[in-house]
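So you can see what is in the structure, the chains are spelled out below.
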Amino acid sequence: MKRQLILEDGTVFIGEAFGADTERMGEVVFNTGMTGYQEIISDPSYCNQIVTLTYPLIGNYGINRDDFETIIPAISGFVVKEVADLPSNWRSELSLDEYFKQNNIPGISGIDTRKLTRIIRQHGTLKGALVSIDSNPDEVIKELRTKQLPTDQVKQVSTKSAYPSPGRGSRVVLVDFGMKHGILRELNKRDCDVVVVPYNVTAEEVLKLRPDGIMLSNGPGDPKDVPEAIEMIQGVQGKVPLFGICLGHQLFALANGANTEPLKFGHRGSNHPVKELATGKIAITSQNHGYTVEEDSIAATALEVTHVALNDGTVEGLKHNQYPAFTVQYHPEASPGPEDANGLFDQFMNMIDAAKVEGVK
Ligand SMILES: N[C@@H](CCC(=O)O)C(=O)O
């Protein structure tokens, strides 16, 4: 069966349908990772996005029980050059086609993903739709140009109520803006007594849980669409050590008076080099973000830039000058991707231990 991928700039791609027989609209973005498609399709930060992978053969090791980043995937659609019909791996339980059918996600293959990626790079991120071969492209293009995509993605993917993930170590309140399981895995590995809370938790509710540390998760969309989280961060920082990842990093910046802005086409891949300014050390990192903290907005705040991207010089890490609080734009939990930055979770544990002895100031 044929299917169309239509972009708001008027480009129409025709390819083979796989996955669910349904139509979806979303922001079209590309990821350059050569492996890790299972983690990518289950990363809640891709909510409302149609993702294309630049690596040409996808699905060859199937879908397994262990590599999910969430239970219910939030991605809107998937675009590949070639999809493997017969996955081969000892852990594989489903093909990509079967998984997408089960989760009502449409896919398209047989597309020139190099051409698509070039269009996104030149035009910037743009809206697109996966529609049936019978749809009229002109009507779809008109709809893409006039219709706004939803801005409540964080609400869509965050937990509705708090739940524990118990351990015997430090109590960490993990604010779920669309949390990847990898973050919870890293905290559990360190025996943290984690309480996962919804995105709209108040500072009072967080402090009532008597946390030793607060973790701000990744999540989809524009950080400016989550004002309640900015207020919460202002109410907890300086009282408890804090660590933020990706959307959590952007929200921390906004809470301290810095600004965020959209990148032309984002950073999405598993080999983005990042430099730590204090040591000059380079880490190869996993990234997935469409927004960035505006560098010029930081000077007037109590924040300091700790890390920068080597590809384009954008801000990749921040710390607070007075409080035990630091954040990164990239993904130290990896999944997928390199684990060079995993030590940041240990840094957070050390910060928590120091605060237990010395207090937070
Ligand atoms: N949604 C934010 C953050 C992504 C994330 O937290 O993974 C962005 O695209 O910049």
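- As annotated in an unreviewed UniProt entry, the protein chain is Carbamoyl phosphate synthase small chain from Peribacillus faecalis.
- Reading the Sequence similarities (unreviewed entry) entry of the UniProt record for the protein chain gives the comment "Belongs to the CarA family."

1. Observations concerning the site of the ligand
Phase 1: Around the ligand there are 13 residues in total, and Ser-45, Gly-219, Gly-221, Gly-290 and Tyr-291 lie nearest to it.
Phase 2: At a separation of 2.8 Å, an oxygen atom of the ligand approaches a polar backbone atom of Gly-219.
Phase 3: In the complex, 97% of the free accessible area of the ligand, which totals 290 Å², lies under the protein chains.
Phase 4: Here the shell around the ligand gets 4 residues from one element, more than from any other, and that element is strand S16 (residues 282-293).
Phase 5: A per-class count over the shell around the ligand returns 4 nonpolar, 9 polar and no charged.

2. Description of the UniProt feature "domain: Carbamoyl-phosphate synthase small subunit N-terminal" (unreviewed entry) in the protein chain
Phase 1: Mapped onto this structure's residue numbering, the UniProt feature "domain: Carbamoyl-phosphate synthase small subunit N-terminal" (unreviewed entry) falls at residues 1-131.
Phase 2: Between the C-alpha atoms that bound residues 1-131 there is a distance of 12 Å. The span itself is 18% helix and 34% strand.

3. Examining the UniProt feature "active site" (unreviewed entry) in the protein chain
Phase 1: In the UniProt entry, the feature "active site" (unreviewed entry) is given for Cys-246, His-331 and Glu-333. The named residues occupy 88 residues along the chain; their greatest pairwise C-alpha distance, 11.1 Å, places them in one compact cluster. Considered against the largest cavity, the annotated residues that line it turn out to be His-331.
Phase 2: On the secondary structure map, Cys-246 appears in the loop between strand S14 (242-245) and helix H9 (247-255).
Phase 3: In this structure Cys-246 touches Asn-218, Asn-288, His-289, Val-328, Gln-329, Tyr-330 and His-331, once residues within four positions along its chain are discounted.
Phase 4: If we ignore the near neighbours within four places in the chain, the residues touching His-331 are Lys-180, Asn-218, Ile-245, Cys-246, Ser-286, Gln-287 and Asn-288.

4. Focus on the pairing of strand S17 (residues 303-309)
Phase 1: Summarising burial for S17: 5 of the 7 residues are buried, a large majority.
Phase 2: Pairing analysis gives 3 bridges linking strand S15 (residues 260-276) to S17, with the strands arranged antiparallel. Note that in S17 the partner of Glu-276 across the bridge is His-307.
Phase 3: Pairing analysis gives 5 bridges linking S17 to strand S18 (residues 315-320), with the strands arranged antiparallel. Counterpart to His-307 in the pairing with S18 is Gly-317.
Phase 4: Connecting S17 to the next strand, S18, in antiparallel fashion are 5 residues, including Gly-313 with a positive phi near 75°.

Quick notes on the rules
Residues numbered from 1 in each chain as written. Predicted model: local features only at pLDDT ≥ 70, side-chain atom pairs only at ≥ 80, totals over all residues. Heavy atoms only, no water. UniProt positions renumbered as here; feature names shortened; annotations may be inferred. Near = heavy atom within 4 Å. Polar contact = N/O pair within 3.5 Å; in protein donor to acceptor, adjacent residues only side chain to side chain. Areas by Shrake-Rupley, 256 points an atom, 1.4 Å probe, with all protein chains shown as cover. Helix = DSSP H or I, 4+ residues; strand = E, 2+ residues; numbered from the N terminus. Nonpolar A, V, L, I, M, F, W, Y, C, P; charged D, E, K, R; others polar. 1 Å grid on protein atoms, 1.4 Å probe; cavity = no way out; pocket = protein on both sides within 12 Å on 5 of 7 lines; lining within 4 Å. Contact = heavy atoms within 4.5 Å. Buried < 20%, exposed > 50% of the residue type's maximum accessible area, 1.4 Å probe, protein only. Pairing = 2+ DSSP bridges.

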